[in-house]
4 protein chains.
Amino acid sequence: MPPPARPLRADAVRNRTSLLAAAEIEFAQRGSDASIADIAERAGVAKGTVFRHFATKDELVAAVVGGRFTRLAAVADRLLDSPDPGAALLEFLSATAESLHRQDLAFLQTVSEGDPGVAGIRERLHAAAEALVGRARDAGAVRPDVTGTDVLLLVCATVHAVHSVPDPAPDRLPRYLEIITDGLRHPSRA
Amino acid sequence: MPPPARPLRADAVRNRTSLLAAAEIEFAQRGSDASIADIAERAGVAKGTVFRHFATKDELVAAVVGGRFTRLAAVADRLLDSPDPGAALLEFLSATAESLHRQDLAFLQTVSEGDPGVAGIRERLHAAAEALVGRARDAGAVRPDVTGTDVLLLVCATVHAVHSVPDPAPDRLPRYLEIITDGLRHPSRA
Amino acid sequence: MPPPARPLRADAVRNRTSLLAAAEIEFAQRGSDASIADIAERAGVAKGTVFRHFATKDELVAAVVGGRFTRLAAVADRLLDSPDPGAALLEFLSATAESLHRQDLAFLQTVSEGDPGVAGIRERLHAAAEALVGRARDAGAVRPDVTGTDVLLLVCATVHAVHSVPDPAPDRLPRYLEIITDGLRHPSRA
Amino acid sequence: MPPPARPLRADAVRNRTSLLAAAEIEFAQRGSDASIADIAERAGVAKGTVFRHFATKDELVAAVVGGRFTRLAAVADRLLDSPDPGAALLEFLSATAESLHRQDLAFLQTVSEGDPGVAGIRERLHAAAEALVGRARDAGAVRPDVTGTDVLLLVCATVHAVHSVPDPAPDRLPRYLEIITDGLRHPSRA
DNA sequence: TATGAATGAGGTTTCATTCAT
DNA sequence: AATGAATGAAACCTCATTCAT
């Protein structure tokens, strides 16, 4: 049985990777206005090559967002094996926060909202988060009405808030995360 | 020598007001990509008139953001007279959230960050929030390390997060605000 | 009663005219591949100005074709007053041929086919030609089955054919027109 | 030293044939804008293979036009043996018209004008037509001043004209051909 | 030899901004 | 002061052509 779809050429794979990395950086720095030209230059390829890999700028955005989501889902999946459900959720929170903090791409989500591929990946991410939260809920570590989506949105929001302030006080993010996690905890257990 | 700041003609004032209102709507709907042309059309003026009032698109953005901040600061000032500091803070939180929820303009802040006028207004807003929070802190209603800026950022972020999700579950925002306020509360008082 | 739509500014009219003239020349020289940039440069305006007058390249093509058709229809209308129907038709033929010969834009018709404005103008042109042919038919100067459309297509085709040959033998066009007109004549009258 | 013109490998021949056929179809459908990519796909080969056979798009166009001309010349040559010179010319006319009608590639001639190979083939075609016309002229079937080139151009033009009209009235082409042939006939013989 | 990824010039269109009216 | 036409710098995208595999 032959391989289902001939694997990409070596340089094609390299370029695709460079492009996604370059796009992440440019988007993080310049927002959605980052230009294809700049992304291509940073990736060290010609403008047309971008088009070959991603038929449209939106498609590139979707790929970046999808990659981000996939990595977060992988983290969640890995933490499902952790013995302490509450600690696992906290670690997921801080890992997610740190990842988002390094590069805030929240504004991209609006663009990629329509993309069906991204929708599927987000579904997977939310399901993974829900699994984590479910275990923590069963262990009484969080409020009974908290969902995986809630956790994702709140951490994303927190990071975004820290980003929106000009001066980067380094303790802000952990402090805010602590506030959030305190809020998520089961009220009666406090 | 003419008087230093001649008052605007009546119709000029009207146009300025229409423009700010139109800009808020367009920015809320189309994001930062809202075009000057669309804003002008919605305001019922010609494109050139926009530039008579705001030399630059960024200046218009700054004016919109400044207006928003000013209104929020006014709310905070008003609540300083309230007898119950904790309740006043909660009301400020929910009023702010509702205002932001109606029109999420968070993305504009990045653009207007450099503007010195906006910086001053933000300063005023944060000071007003700090006054509210200070009273609540003194009353033991919130953690001792919480600042006015913290409250503003967290509520702003939460609203933004709710906006970023496609399906608009109506109970999300109040639930998240509750989580936030729980997190802000003095831990030992719970 | 005010004028229905404020007249274009003087320079706008000038630019529109220059643009149409420039487009005709560029299209005649380079075919449909004539670029907007070249047309703008020849007209002495910026590229963006083209877009202000014609939202799309196809719209510009349609305007050029429409202008051409309008001028031909005017010629036909004028000849309707001529006393000799047969001579009038011949003159229409040669005038049309000469006009097309100066600038062969046949290839543009395919592009502008979908445009409803052009369709209306073509209708008018064909009707004018039909009126001319009708008079000639009644006078027995042409076959009974010939229509205005026939005459237009045949003369257009003939000119196009002459254009398709590299060496521009100057007597070709009149000779071919003679052949066509001979063919159009009433057989039994020969 | 290898033989000067090594014969093509069997699959290379197959590819060349497929490419020419695909090009004819694509050009007929999309005009000169038909892309190499589409032609390659229709031929079932990769884009790069196109350039192995035809160094340039223009070269491919030239090959298509040349093939067309060659086939027409073969028809003319065959008809030279026909006993009735007038009938032979008429048949050449209608055969040519039908061939062109199936696929109108007139617009390609402009592109291939510069190609020396095409020039030679066109020479051959025109010579063959001239031979046919010469016999008809000697037999008094056509005007004394008509040339082979005339016949070719007029029939080509007529077909093109019929193509340029949106609604495909099926009787137009024969009617126009009749008009043309009437016009070509010796005037005094009518 | 065939493939298809990479190239990069060039196309159309958009839009903030300037300026004649 | 207001208008809207003109400007021109990018933006995105296409496609003939080259070249690594």
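For every chain, the first residue of its written sequence is number 1, and the numbers climb from 1 along that sequence. For naming, the first written chain is A and the first written ligand is 1, with later ones following in the order written. Local features in this predicted model are restricted to residues of pLDDT 70 or higher, and side-chain atom pairs are both shown and tallied only at a pLDDT of 80 or more, whereas totals for entire chains, interfaces and linings draw on every residue. Side-chain measures were taken over the full set of non-hydrogen atoms in the model, leaving aside hydrogen atoms and water.

In this section: the overall build of chain A. Helix and strand counts for chain A come out as nine helices and zero strands. Along the longest, intermediate and shortest principal axes, the C-alpha atoms of chain A span 60 × 55 × 25 Å. Type-normalised accessible area, obtained with a 1.4 Å probe on protein chains alone, sets the label of each residue: buried when under 20%, exposed when over 50%, and partly exposed for intermediate values. Considering chain A as a whole, with its 190 residues, one finds that 46% of them fall into the buried category. Put simply, of all contacts in chain A between residues at least 6 apart along the chain, 68% involve residues at least 24 apart. Computed by Shrake-Rupley with a 1.4 Å probe, the accessible areas treat only the displayed protein chains as cover when residues are assessed. For chain A, the exposed surface amounts to about 9,600 Å²; the carbon and sulfur share of it is 56%. Counted as positive: Lys and Arg. Counted as negative: Asp and Glu, with His and the chain ends omitted from the count. By convention, the point assigned to a charge is CZ for Arg, NZ for Lys, CD for Glu and CG for Asp. Of the charged side chains in chain A, 22 are positive and 25 negative, and the gap between their average positions amounts to 5 Å. Numbering of helices and strands starts at the N terminus; helices are DSSP runs of H or I of at least 4 residues and strands are runs of E of at least 2. In what follows, residue pairs with any heavy atoms lying within 4.5 Å of each other are defined as contacts.

Our focus in this paragraph is the relation of the copies chain D and chain C. The operation relating the two chain copies consists of a rotation about an axis and a shift along that axis. Of the two same-sequence chains, chain D is brought onto chain C (RMSD 0.2 Å, axial shift 0.0 Å) by a rotation of 179°. Interpreted geometrically, this transformation is the action of a two-fold axis. Residue Gly183 of chain D, judged by its C-alpha, is the member of chain D lying nearest the rotation axis, at 2.0 Å. Comparing contact sets, 93% of the residues at the interface of chain D also lie at the interface in chain C, consistent with an isologous, same-surface contact. Each copy is superposed on the other by least squares, with the fit set by C-alpha atoms of residues at a pLDDT of at least 70 in both.

This brings us to the interface of chain B and chain A. Tallying the contact residues gives 29 residues for chain B and 28 residues for chain A. Counting each side, the surface lost to burial between chain B and chain A is near 2,400 Å², with a carbon and sulfur contribution of 60%. By buried area we mean the combined loss of accessible area, with a 1.4 Å probe, across both parts when two parts are placed together. Contact with chain A buries surface across chain B, with Arg143, Leu153 and Ile179 of chain B losing the most and accounting together for 22% of the total. Any carboxyl oxygen of Asp or Glu within 4 Å of a side-chain nitrogen of Lys or Arg constitutes a salt bridge here. Between chain B and chain A we count eight salt bridges in total. Among the salt bridges present, the one from Glu178 of chain B reaches Arg143 of chain A, with a minimum N-O distance of 3.4 Å. Side-chain atoms alone can form a polar contact between residues adjacent in sequence; in general such a contact is a pair of N or O atoms within 3.5 Å, and within protein one must be able to donate a hydrogen while the other accepts it. Our count for the contact surface shared by chain B and chain A stands at 13 residue pairs in polar contact (both at pLDDT 80 or more). Of all the elements in the fold, those that place two or more residues in the side of chain B that touches chain A are helix H8 (148–163) and helix H9 (172–184) of chain B. Among the elements that line the side of chain B that touches chain A, the one with the most residues is H9 of chain B, at nine residues. Three classes are used: nonpolar for Ala, Val, Leu, Ile, Met, Phe, Trp, Tyr, Cys and Pro, charged for Asp, Glu, Lys and Arg, and polar for all others, with Gly counted as polar. Across the side of chain B that touches chain A, the residue classes tally to 12 nonpolar, seven polar and 10 charged.

Turning our eyes to something else, we now look at the protein's contact with DNA strand E. If even one non-hydrogen atom of a residue comes within 4 Å of a molecule or strand, that residue is called near it. The environment of DNA strand E is formed by 33 residues, the closest being Asn15, Thr49 and Arg52 of chain A, Phe51 of chain C together with Thr49 of chain D. Considering the 4 Å shell around the protein, atoms of DNA strand E inside it are sugar or phosphate in 68% of instances. Here Ala46 of chain A contributes a backbone N or O atom positioned 2.9 Å from a phosphate oxygen of DNA strand E. Interatomic distance of 3.2 Å between a side-chain N/O atom of Asn15 of chain D and a phosphate oxygen of DNA strand E. Within the residue set of the surface near DNA strand E, elements represented by two or more residues are helix H1 (10–30) and helix H3 (47–53) of chain A, helix H3 (47–53) of chain B, helix H3 (47–53) of chain C together with helix H3 (47–53) of chain D.

Attention shifts here to the interface of chain D and chain C. Residue-level contacts link 29 residues of chain D with 27 residues of chain C. Carbon and sulfur atoms supply 60% of the area that chain D and chain C bury against each other, a total of about 2,400 Å² over both sides. When the buried area of chain D at its contact with chain C is split by residue, Arg143, Leu153 and Ile179 of chain D rank highest and sum to 22% of it. The interface formed by chain D and chain C contains eight salt bridges. At the junction of chain D and chain C, the tally comes to 13 residue pairs in polar contact (both at pLDDT 80 or more). Secondary structure elements with two or more residues in the side of chain D that touches chain C: helix H8 (148–163) and helix H9 (172–184) of chain D. Per-class residue counts for the side of chain D that touches chain C are 12 nonpolar, seven polar and 10 charged.

On to the pattern of salt bridges, then. When the charged atoms of two side chains lie near each other, side chains of opposite charge can form a pair. In total, this model carries 44 salt bridges over all chains according to the counting rule given. We note a salt bridge from Asp38 of chain D to Arg30 of chain D, for which the minimum N-O separation is 3.8 Å. Judged by relative accessible area, Asp38 of chain D falls into the partly exposed class, the value being 25%. Three or more residues are tied together by salt bridges with common partners; here these are Arg143 of chain A together with Glu178, Asp182 and Arg185 of chain B.

Here the focus is the UniProt feature "domain: HTH tetR-type" (unreviewed entry) in chain A. UniProt positions are given in the numbering used here, feature names are shortened, and annotations may be inferred rather than shown by experiment. Mapped onto the present numbering, the UniProt feature "domain: HTH tetR-type" (unreviewed entry) falls at residues 13–72 of chain A. Taken as a whole, residues 13–72 of chain A contains 82% helix and 0% strand, while its terminal C-alpha atoms sit 22 Å from one another.

Right, let's talk about the side chain of Thr181 of chain C for a bit. All names here are of chain C. Its location among the elements puts Thr181 in helix H9 (residues 172–184). Look at Thr181 and you get buried, because its relative accessible area is 13%. Setting aside anything within four residues of it in sequence, one finds Thr181 in contact with Leu90 and Leu93.

With an RMSD of 0.2 Å, the operation that places chain B on chain A is a rotation of 179° combined with a shift of 0.0 Å along the axis. A symmetric contact is evident, with 97% of the interface residues of chain B recurring at the interface of chain A.

A separate point is the domain arrangement of chain A. Residue and element names in this part refer to chain A. Residue ranges assigned to each domain were obtained from an automatic or database domain assignment. Domain annotation of chain A identifies domain 1 (9–55) and domain 2 (57–189). Look at where the C-alpha atoms of domain 1 and domain 2 centre, and you get two points 26 Å apart. When the buried area of domain 1 at its contact with domain 2 is split by residue, Glu24, Phe27 and Phe54 rank highest and sum to 46% of it. Scanning the region where domain 1 abuts domain 2 turns up two salt bridges. Salt-bridge contacts for Arg71 lead to Glu24; the nearest nitrogen and oxygen are separated by 2.9 Å. Taken together, the links from domain 1 to domain 2 amount to five residue pairs in polar contact (both at pLDDT 80 or more). Elements with a contribution of two residues or more to the side of domain 1 that touches domain 2: H1, helix H2 (36–43) and H3. At six residues, H1 tops the list of elements feeding residues into the side of domain 1 that touches domain 2. Classifying every residue of the side of domain 1 that touches domain 2 by side-chain character gives 11 nonpolar, three polar and two charged.

The environment of DNA strand F is formed by 34 residues, the closest being Phe51 of chain A, Arg52 of chain B together with Asn15, Thr49 and Arg52 of chain C. Expressed as a percentage, the sugar and phosphate content of the atoms of DNA strand F within 4 Å of the protein is 68%. In the model, a phosphate oxygen of DNA strand F is placed 3.5 Å from a nitrogen or oxygen of the Ala12 of chain C main chain. Counting only elements with at least two residues in the surface near DNA strand F, the list comes to H3 of chain A, H3 of chain B, helix H1 (10–30) and H3 of chain C together with H3 of chain D. Partitioned by chemical class, the residues of the surface near DNA strand F number nine nonpolar, 12 polar and 13 charged.

Before going further, it helps to spend a moment on the nonpolar core. Grouped together as the largest cluster of nonpolar side chains are 114 residues, with contacts concentrated most on Phe27, Phe92 and Leu184 of chain C together with Phe27, Leu60 and Leu184 of chain D. Of all the elements, helix H4 (residues 57–79) of chain C adds the most residues to this core, at 11 residues. Excluding residues that lie within four positions of it along the chain, Phe27 of chain D makes contacts with Ser32, Ala34, Ile39, Lys57, Val61, Val64, Leu105, Phe107 and Leu108 of chain D. Grouping buried Ala, Val, Leu, Ile, Met, Phe, Trp, Tyr and Cys residues that are joined through side-chain atoms within 4.5 Å yields what is termed a nonpolar core. Ranked by size, the runner-up nonpolar core spans 113 residues in total, among them Val50 and Phe69 of chain A together with Leu19 and Ile36 of chain B.

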